[in-house]
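Survey of secondary and tertiary structure
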Amino acid sequence: MSRPKPNILVTGTPGVGKTTFCEALAAASSLEHLEVSKMVREKRLYREWDDELDCSIFDEEMVQDALEPLLESGGCVVDFHSSSFLDESLVDLVVVLRVDTSTLYDRLEKRHYPESKVKQNVEAEIFQSCLDEAREVFEEADIQIWEMPHDTEEHMEEALERVLGFVRSFG
Ligand SMILES: Nc1ncnc2c1ncn2[C@@H]1O[C@H](COP(=O)(O)OP(=O)(O)OP(=O)(O)O)[C@@H](O)[C@H]1O
């Protein structure tokens, strides 16, 4: 499906720096940053709330229904820790941000997350859950999946340059 501007999914374990990266990418391009976790909270796109982990159990169908009209015209950066809800026909590139577990631990610690939530997210990064989920959803559809380190400012600049190159050459 041809779109004038690409839709890019930026995913990764909570705390890897998706929002930081997406804000910088949106500022450097004409793409619109869709911070899905914020949309889920504000539009209540969930059926239940996990009090222990202090997070929503988002509803895939509700999130897809909210995003599809925005993605159909292209030019979006979708920022979320999951990729299971996205129809591959609406995605042109997937970026999976990665950090080492000690960096991730420190970042999540600073948020004063419950120990169980820090542990759950560090384990997800160790077992590369987000990368495996993106591969499961998008590899069949022949959509590029770029795994990019995001532990330093330098790595962020490198990743931004590479993705901006994709945006410039799209279409
Ligand atoms: N490339 C980077 N180098 C150094 N620090 C970074 C980098 N990217 C993000 N950070 C820091 O890591 C922390 C988490 O960043 P951010 O909130 O963007 O993560 P996230 O993946 O969007 O998390 P969540 O999914 O929970 O929203 C912030 O304190 C941010 O300043």
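Just so you know, the residues in each chain are numbered from 1, in the order the chain's sequence is written. In keeping with the model being predicted, local features are shown solely for residues with a pLDDT of at least 70 and side-chain atom pairs are shown and tallied solely at 80 or more, while totals for entire chains, interfaces and linings include all residues. Neither water nor hydrogens contribute to the side-chain values; these are computed over all heavy atoms in the structure.

With respect to the sheet that holds strand 1 (residues 8-11)
The rule for pairing is simple: two strands pair if DSSP sees at least two bridges between them. Runs of E in the DSSP output that reach at least two residues are strands. Runs of H or I that reach at least four are helices, and both are numbered from the N terminus. Taken together, the five strands give an open sheet; going across it, the order is 2-5-1-6-7, and neighbouring strands pair in parallel fashion. For this open sheet the edge positions go to strand 2 (32-35) and strand 7 (145-149), each flanked by a neighbour on one side alone. The sheet shows a mean angle of 20 degrees between the axes of neighbouring strands, taken without regard to direction. Pairing geometry for strand 1 and strand 6 (residues 93-98), over four bridges, is parallel. Across the sheet, residue Ile8 finds its bridge partner in strand 6, namely Leu93. Where helix 6 (residues 129-138) meets the sheet, it contacts strand 1, strand 6 and strand 7, and its direction lies at approximately 165 degrees from that of strand 7. For every element, the axis is a line fit to its C-alpha atoms; helices are fit only across the contacting stretch, and the angle between N-to-C directions ranges from 0 to 180 degrees. Any two residues whose heavy atoms approach within 4.5 Å are treated as being in contact.

Observations regarding the site of the ligand
Taken together, 16 residues form the shell around the ligand, and within it Lys18, Thr19, Thr20, Arg111 and Thr152 come nearest. Residues adjacent in sequence count toward polar contacts only when both atoms are side-chain atoms; beyond that, a polar contact is any pair of N or O atoms within 3.5 Å, and within protein one must be able to donate a hydrogen and the other to accept it. At 3.3 Å from an oxygen atom of the ligand is found a main-chain nitrogen or oxygen belonging to Val16. For the ligand, an oxygen atom lies 3.2 Å from a polar atom in the side chain of Arg107. The element best represented in the shell around the ligand is helix 1 (residues 18-28), accounting for three residues. Residues of the shell around the ligand, tallied by class, amount to four nonpolar, seven polar and five charged. Definition of nearness: a residue and a molecule or strand are near each other if at least one heavy atom of the residue lies within 4 Å of the molecule or strand. Any residue outside Ala, Val, Leu, Ile, Met, Phe, Trp, Tyr, Cys, Pro, Asp, Glu, Lys and Arg is labelled polar, Gly included; the first ten of those are nonpolar and the last four are charged.

Describing the environment of Leu104
Along the chain, Leu104 turns up in helix 4 (residues 101-110). For the pair Leu104 and Lys119, spaced 15 residues apart in the sequence, the C-alpha separation amounts to 10 Å. Beyond its immediate sequence surroundings of up to four residues, Leu104 is in contact with Thr13, Pro14, Gly15, Val16, Val99, Asn121, Val122 and Glu125.

As for helix 7 (residues 153-169)
For helix 7, built from 17 residues, the straight-helix expectation of 24 Å at 1.5 Å per residue is met to within 8% by its first-to-last C-alpha distance of 24 Å. Restricting attention to buried positions, one finds in helix 7 the residues Met156, Ala159, Leu160, Val163, Leu164, Phe166 and Val167. Down the axis of helix 7, the smallest arc covering the buried residues is 150 degrees, so these residues share one side. Facing away from the buried surface of helix 7 by more than 90 degrees, the exposed residues are Glu154, Glu158, Arg168 and Ser169. Elements that come into contact with the buried residues of helix 7 comprise strand 1, helix 1, strand 6 and strand 7. A helix is expected to span 1.5 Å for every residue after the first. Whether a residue is buried, partly exposed or exposed follows from its accessible area with a 1.4 Å probe, protein chains only, as a fraction of its type maximum: under 20%, in between, or over 50%, in that order. Summarising the geometry, the arc corresponds to the directions from the helix axis toward the C-beta atoms.

Here's the deal with the packing of aromatic side chains
The rule is short: rings of Phe, Tyr and Trp, with Trp giving its six-membered ring, pair when the centres are within 6.5 Å, and they are stacked under 30 degrees, edge-to-face over 60, tilted in between. This structure, assessed with the given rule, holds six aromatic pairs. Note on Phe80 and Phe85: the rings are 5.4 Å apart at their centroids and 75 degrees apart in plane angle, and the pair reads as edge-to-face. Phe80 sits in the buried class, given a relative accessible area of 3%. When the centroid spacing of 6.0 Å and the interplanar angle of 40 degrees are considered together, the rings of Phe166 and Phe170 count as tilted. Judged by its relative accessible area of 13%, Phe166 is buried. Relative accessible area serves as the criterion here: at 22%, Phe170 is assigned to the partly exposed category. Three or more aromatic residues joined by ring pairs form one cluster here, namely Phe58, Phe80 and Phe85.

Quick notes on the pattern of salt bridges
As a working rule, side chains carrying opposite charge can pair if their charged atoms are close by. Only one rule defines a salt bridge in this text: a Lys or Arg side-chain nitrogen within 4 Å of an Asp or Glu carboxyl oxygen. Tallied over the full model, the rule gives six salt bridges. Where Asp92 meets Arg3, a salt bridge forms, and the shortest distance between an N and an O atom there is 2.9 Å. With Asp92 in the loop between strand 5 (76-79) and strand 6 and Arg3 in the segment before strand 1, this pair connects stretches of sequence that are 89 residues apart. One salt-bridge network, held together by shared partners, links Arg98, Glu125 and Glu147.

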